[in-house]
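So the chains spell out like this:
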Amino acid sequence: MGEPKPILLVNQKRLIDYSVERIKDLFDEVLVVVKEREQCIEPFTCILDNSRVYAPIFGLYAGLKASKSFINLVIACDMPFIKRGLVEFLLAKAEECMADVTVPLVKGYFEPLLAVYSKSCIYAIEKEIKKGSLKITGFYSGVNLEVVPEEKIRIFDPEFQSFVNINTREDLRAFFRD
């Protein structure tokens, strides 16, 4: 994209704000995991992912360790169309099932960057990292996993807009038409 996605201005608003504004009042704190202090985004609390490798599992690990909450929603900064009802459903499901991970399954794939994680995952993530496995879903087999099927997700997000992520300028043009 040529610039950090979270602060990318789209229609006079940062990309990260599209997601956060929809759901921030559901939480006591909003943490943003960054690779470098210079990437900190006001007014959020920034957590440094000081790993040398760029892999989402390190960001998840850093965020869970820093969080004051036992249950945590994790979202990618480039998913601007998150549906509030879906987030509320995922949080309720995680508490109801007492799952370590509550993750949507869409079109046969886990959506780990719009999922609920408990702090109970920290040890399993550490083990996975020590093994050299950096796939964010790699530790799922070692925790209490609640998979949310497509038919449940469709109730709250029939077109799966919550899972759209912006990776290119073409994505910006396609999804942010005036």
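Given the structure is predicted, the values throughout are model-derived calculations rather than measurements.

Structural notes on the overall build of the protein chain
Then comes step 1: Counting its regular elements, the protein chain contains 6 helices and 9 strands.
Then comes step 2: Relative to the 2.2 N^0.38 estimate, which gives 16 Å for 178 residues, the radius of gyration of the protein chain is 16 Å and therefore close to what a compact globule would have.
Then comes step 3: A total of 178 residues make up the protein chain; the buried ones form 44% of that total.
Then comes step 4: The long-range share in the protein chain, meaning contacts at least 24 apart out of those at least 6 apart in sequence, stands at 67%.
Then comes step 5: When the accessible area of the protein chain is evaluated, it comes to approximately 9800 Å², of which 52% is carbon and sulfur surface.
Then comes step 6: In the protein chain, the 24 positive side-chain charges and the 26 negative ones have mean positions that sit 3 Å from each other.

Focus on the environment of G59
Then comes step 1: In this fold, G59 is placed in helix α2 (residues 56-66).
Then comes step 2: Once residues lying within four places of it in the same chain are set aside, the contact partners of G59 are V33 and D49.

Examining the pairing of strand β3 (residues 31-34)
Then comes step 1: What you see with β3 is a clean split: V32 and V34 sit on the buried side and L31 and V33 on the side with no burial.
Then comes step 2: Looking at chain direction, β3 and strand β4 (residues 45-48) are connected through 4 bridges and run parallel. Counted as the bridge partner of V32 is C46 from β4.

Digging into the nonpolar core
Then comes step 1: Grouped together as the largest cluster of nonpolar side chains are 19 residues, with contacts concentrated most on L60, L64, V101, Y117, C121, I125 and F139.
Then comes step 2: Counting residues per element, the ones that place at least two in this core are α2, β6 (101-106), β8 (114-118) and α4 (121-130).
Then comes step 3: Among the elements that make up this core, the one with the highest residue count is α2 (5 residues).
Then comes step 4: Contact partners of V101, with chain neighbours within four places excluded, come to V116, Y117, C121, F139, Y140, V143, N144, L145 and E146.

Brief notes about helix α3 (residues 84-97)
Then comes step 1: Counted at 1.5 Å a residue, the expected span for α3 with its 14 residues is 20 Å, and the 20 Å between its end C-alpha atoms agrees.
Then comes step 2: Within α3 the residues assigned to the buried category are L86, V87, F89, L90, L91, K93 and A94.
Then comes step 3: Contacts from the buried residues of α3 go to α1 (15-23), β5 (71-75), β6, β8, β9 (145-148) and α5 (150-156).

Let's talk about the state of the cysteines
Then comes step 1: According to the stated counting rule, one finds 1 disulfide in the structure shown.
Then comes step 2: Each sulfur of the disulfide joining C40 and C46 lies 2.3 Å from the other. With the S-S bond torsion at 105°, the cross-link from C40 to C46 turns out right-handed.
Then comes step 3: A residue is classified by how much of its surface remains accessible, and C40, at 29% relative accessible area, is partly exposed.
Then comes step 4: C77 carries a free sulfur, and the closest cysteine sulfur to it, the one in C46, is 12 Å from it.
Then comes step 5: Of the cysteine sulfurs around C121, a residue in no disulfide, the closest is that of C97, at 14 Å.
Then comes step 6: According to the relative accessible area criterion, C121 is buried, its value standing at 0%.

Digging into the pattern of salt bridges
Then comes step 1: Under the defined criterion, the tally for this structure stands at 9 salt bridges.
Then comes step 2: A salt bridge links R14 to D17; the shortest N-O distance between them is 2.7 Å.
Then comes step 3: Judged by its relative accessible area of 11%, D17 falls in the buried class.
Then comes step 4: The salt bridge involving E146 is made with K93; its shortest N-O contact spans 3.9 Å. Of this pair, E146 sits in strand β9 while K93 sits in helix α3; the two residues are 53 residues apart in sequence, bridging distant segments of the chain.
Then comes step 5: Using a relative accessible area of 18% as the deciding quantity, one classes K93 as buried.
Then comes step 6: Linked by salt bridges that have partners in common, D25, R84 and E88 make up one network.

Thresholds, definitions, all that
- Every chain is numbered independently, its residues counted from 1 as its sequence is written.
- The model is predicted, so local features are restricted to residues of pLDDT at least 70 and side-chain atom pairs to those at 80 or more, both for listing and for counting; the totals for chains, interfaces and linings are taken over all residues.
- Calculation of side-chain values draws on the structure's entire complement of heavy atoms; hydrogens and water are dropped beforehand.
- Each helix is a run of DSSP H or I of at least 4 residues and each strand a run of E of at least 2, with the numbering of both proceeding from the N terminus.
- As a reference, a globule follows 2.2 Å times the number of residues to the power 0.38, and the radius of gyration itself is taken over C-alpha atoms.
- Each residue is placed in one exposure class: buried if its accessible area under a 1.4 Å probe, protein chains only, is under 20% of its type's maximum, exposed if it is over 50%, and partly exposed if it falls in between.
- Residues are treated as being in contact if the distance between any of their heavy atoms lies within 4.5 Å.
- All accessible-area figures derive from a Shrake-Rupley calculation using a 1.4 Å probe, and residue coverage is judged against the displayed protein chains alone.
- Residues scored as positive are Lys and Arg, those scored as negative are Asp and Glu, and His as well as the terminal groups of each chain are ignored.
- Where a charge lies is defined by one atom per residue type, namely NZ (Lys), CZ (Arg), CG (Asp) and CD (Glu).
- Think of it this way: DSSP has to see at least two bridges between two strands before they count as a pair.
- Put simply, buried Ala, Val, Leu, Ile, Met, Phe, Trp, Tyr and Cys residues joined by side-chain atoms within 4.5 Å make one nonpolar core.
- One fewer than the residue count of a helix, multiplied by 1.5 Å, yields its expected span.
- Note that a disulfide, as used here, is simply two cysteine sulfur atoms within 2.5 Å.
- Here, a salt bridge means any side-chain nitrogen of Lys or Arg that lies within 4 Å of a carboxyl oxygen of Asp or Glu.

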